[in-house]
Amino acid sequence: MSGRLAPLRVAIVGYGVVGPLHALAYEMLARTLPGASRTPEVVLVIDPEPASRARASREWTVPAHPPGKVRWDQFAIDIVDCCAPTEKHAAVCGEALTAGRSVLCEKPLTGSGDESSALVALSESGRGVLGMNFNFRHVPALQQARRLVRSGTLGEVRSLRVEYHRSSNLARHQAGEPPNGVTRGALLDLGPHAVDLVHFLFGPITAVSARSHHHGPATSSDDVSKFECSLDGGALGSVEVSKMTSGAANDLRVFAYGTEGAIRFTATEPDALDVFHGTAYRTAHQRLLFGVGDLSEETAVVPAETGSSVLAWHAASLAAFARRTAGEDVLVASAQDGLHVDRVLDAARESAARSAVWTPVVGSVTSP
Ligand SMILES: NC(=O)c1ccc[n+]([C@@H]2O[C@H](COP(=O)([O-])OP(=O)(O)OC[C@H]3O[C@@H](n4cnc5c(N)ncnc54)[C@H](O)[C@@H]3O)[C@@H](O)[C@H]2O)c1
């Protein structure tokens, strides 16, 4: 198209489950971001597994290399999209930032406050932007929930709850193959989305009192974790993450109770937000409905009133980061936001190891 600037060249690092989803979202965006100054385009995939590289090359006709063979200064890459396993995030992001690349990191940033703090410092001293893919921030109903909270429509939010339920560890236990490894645990896998939503919707968490549950033989993988939390501003919250919920696929729920109203969201009906107004019994109830058109004009590749989906939420998140990398003034989930999540996870682990003693969250962060 005449007058368009060159695309942003993206390298996907890690082509397992979420890497291919990102590749599909970028393909969609390359054709559907008319308002953006530069559109993203995948030009390289990095993965140590020959089968993953073969799949990437087959699906997108892009070169695919193993990690050790790549030096970033050999490639003209604008965005390194880190979809590698969580335990590799610190190394992958660190190398790319050192080479001056912008990095979009899948959640969690590293899962450790100390490691994430080092990455934040590296990003602040370098040329590249470091951002997070917290895709639930791009669910239209949750964006409306944030507007209702910030505008004061709910009054003062005193109490809130975020839950995230899946069934994958239950299936592993029942198959006689108990989940192992901390990255399979509920806190590190599901916790980042739940904690980030508390932060995105209601503000930073300042202290937690946590417990974790291991089903069957003790492994390093927690199956259920729960914590009470206090927020900057005084609200009391609770977070529950479980990979032992029978029948749950991707069941994230948000409840908030304010002095003037309340909201209720469940990802099983992702385009609905229940809003309650007033203080009296039989409070007025309103169900707000959304569609893919509420994400942004650019990502509406299907009729606007059609339901949104996981792919559309990821695409909106990747689009926001691409626009930010191109210099546009767009709100993205920042490295500081990723660091805050990891510090909350640190505090939750410490609290759970000490019989749920209230544990402060290190550092301070402003609301996103
Ligand atoms: N935002 C979301 O909703 C969401 C969903 C799924 C996964 N994730 C996150 O994405 C990350 C990847 O998860 P996944 O489920 O795709 O994992 P996965 O294990 O299915 O895939 C990871 C891929 O990375 C490759 N890999 C390993 N070491 C690497 C390295 N050093 N460099 C490049 N590639 C490497 C592996 O061979 C594999 O192909 C995790 O951090 C996870 O928390 C986020």
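Computed from a prediction, not measured in an experiment: that's the story for all the values here.

This part takes up the site of the ligand. Taken together, the neighbourhood of the ligand is formed by 23 residues, with Gly14, Gly16, Val17, Val18 and Glu106 sitting nearest. Partitioned by chemical class, the residues of the shell around the ligand number 11 nonpolar, seven polar and five charged.

We note that the domain assignment places domain 1 (8–136) and domain 2 (140–360) within the protein chain. Computed over C-alpha atoms only, the centres of domain 1 and domain 2 are separated by 24 Å. The partner domain 2 presents 39 residues to the 44 residues of domain 1 that form the contact. Contributing elements (two or more residues each) for the side of domain 1 that touches domain 2: helix 1 (18–32), strand 5 (102–106), helix 4 (113–125) and strand 6 (130–133). Split by residue class, the side of domain 1 that touches domain 2 holds 24 nonpolar, 16 polar and four charged.

Pairing is parallel across the open sheet formed by six strands, whose spatial order is 3-2-1-4-5-6. Every interior strand has two partners, whereas the edge strands, strand 3 (64–65) and strand 6, have only one. Summarising the sheet, strand 4 (residues 79–82) and strand 5 pair through four bridges and their orientation is parallel. When the sheet's bridge partners are listed, Val80 is paired in strand 5 with Val103. Packed on one face of the sheet, helix 1 meets strand 1 (8–13), strand 2 (40–46), strand 4 and strand 5 and runs near 155° to strand 2.

Further remarks concern the environment of Trp313. Positionally, Trp313 belongs in helix 9 (residues 310–325). Residues Trp313 and Ala54, 259 residues apart in the sequence, show an inter-C-alpha distance of 27 Å. The residues contacting Trp313, other than those within four sequence positions of it, are Asn135, Phe136, His138, Val139 and Ser308.

Our focus in this paragraph is the nonpolar core. Within the largest apolar cluster, 101 residues are counted, with the highest numbers of intra-cluster contacts made by Cys82, Cys93, Ala145 and Val198. Of all the elements, helix 9 adds the most residues to this core, at nine residues. Split by domain, the residues of this core number at least three in each of domain 1 (8–136) and domain 2 (140–360). If sequence neighbours within four positions are ignored, Val198 has contacts with Leu160, Val162, Ile205, Gly237 and Val239.

In this section: the sheet that holds strand 13 (residues 272–277). Across the sheet, nine strands lie side by side as 14-13-12-11-7-10-9-8-15; this open sheet has mixed pairing. In the strand order of this sheet, the two ends are held by strand 14 (284–289) and strand 15 (359–360), each with one partner. Bridging between strand 11 (residues 251–258) and strand 12 (residues 261–266) involves five bridges; their strand directions are antiparallel. Residue Arg253 lies in a different strand from strand 12, and its bridge partner there is Thr266. Most of the contacts of helix 8 (residues 191–202) go to strand 7 (residues 157–165), to which it runs at about 155°, and overall it touches strand 7, strand 8 (205–213), strand 9 (224–231), strand 10 (236–242) and strand 11.

With 16 residues, helix 9 ought to run about 22 Å at 1.5 Å a step, and its terminal C-alpha atoms sit 23 Å apart, in line with that. Burial analysis of helix 9 places 13 of its 16 residues in the buried class, which makes it a mostly covered element. Phi turns positive one or two residues past the end of helix 9, at Gly327, with a value near 100°.

Here we come to the packing of helix 3 (residues 89–98) against helix 4. Where helix 3 meets helix 4, the closest approach of the two axes is 10 Å, and the angle between their N-to-C directions is 10°. The angle between helix 3 and helix 4 places the two elements in the roughly parallel class. Contact residues: Ala90, Cys93, Gly94, Leu97 and Thr98 in helix 3; Glu115, Leu119, Leu122 and Ser123 in helix 4. Among the residues making up the contact of helix 3 with helix 4, the classes are represented as five nonpolar, three polar and one charged.

Let's shift gears to unusual backbone geometry. The linkage connecting Lys107 with the following residue, Pro108, adopts the cis geometry, with an omega of -10°. Relative to the elements of secondary structure, Pro108 occurs in the loop between strand 5 and helix 4. Despite not being glycine, Thr61 has its phi angle at roughly 40°, a positive value. Mapped onto the fold, Thr61 is located in the loop between helix 2 (50–60) and strand 3.

Rules used throughout
- Residues numbered from 1 in each chain as written.
- Predicted model: local features only at pLDDT ≥ 70, side-chain atom pairs only at ≥ 80, totals over all residues.
- Near = placed C-beta within 6 Å.
- Nonpolar A, V, L, I, M, F, W, Y, C, P; charged D, E, K, R; others polar.
- Domains from an automatic or database assignment.
- Contact = placed C-beta atoms within 7 Å.
- Helix = DSSP H or I, 4+ residues; strand = E, 2+ residues; numbered from the N terminus.
- Pairing = 2+ DSSP bridges.
- Axes fitted to C-alpha atoms, helices over the stretch in contact; angles between N-to-C directions.
- Core = buried A, V, L, I, M, F, W, Y, C linked by C-beta atoms within 7 Å.
- Buried ≥ 20, exposed ≤ 12 C-beta atoms within 10 Å, placed from the backbone.
- Expected span 1.5 Å × (residues − 1).
- Parallel < 35°, antiparallel > 145°, perpendicular 65-115°, else oblique.

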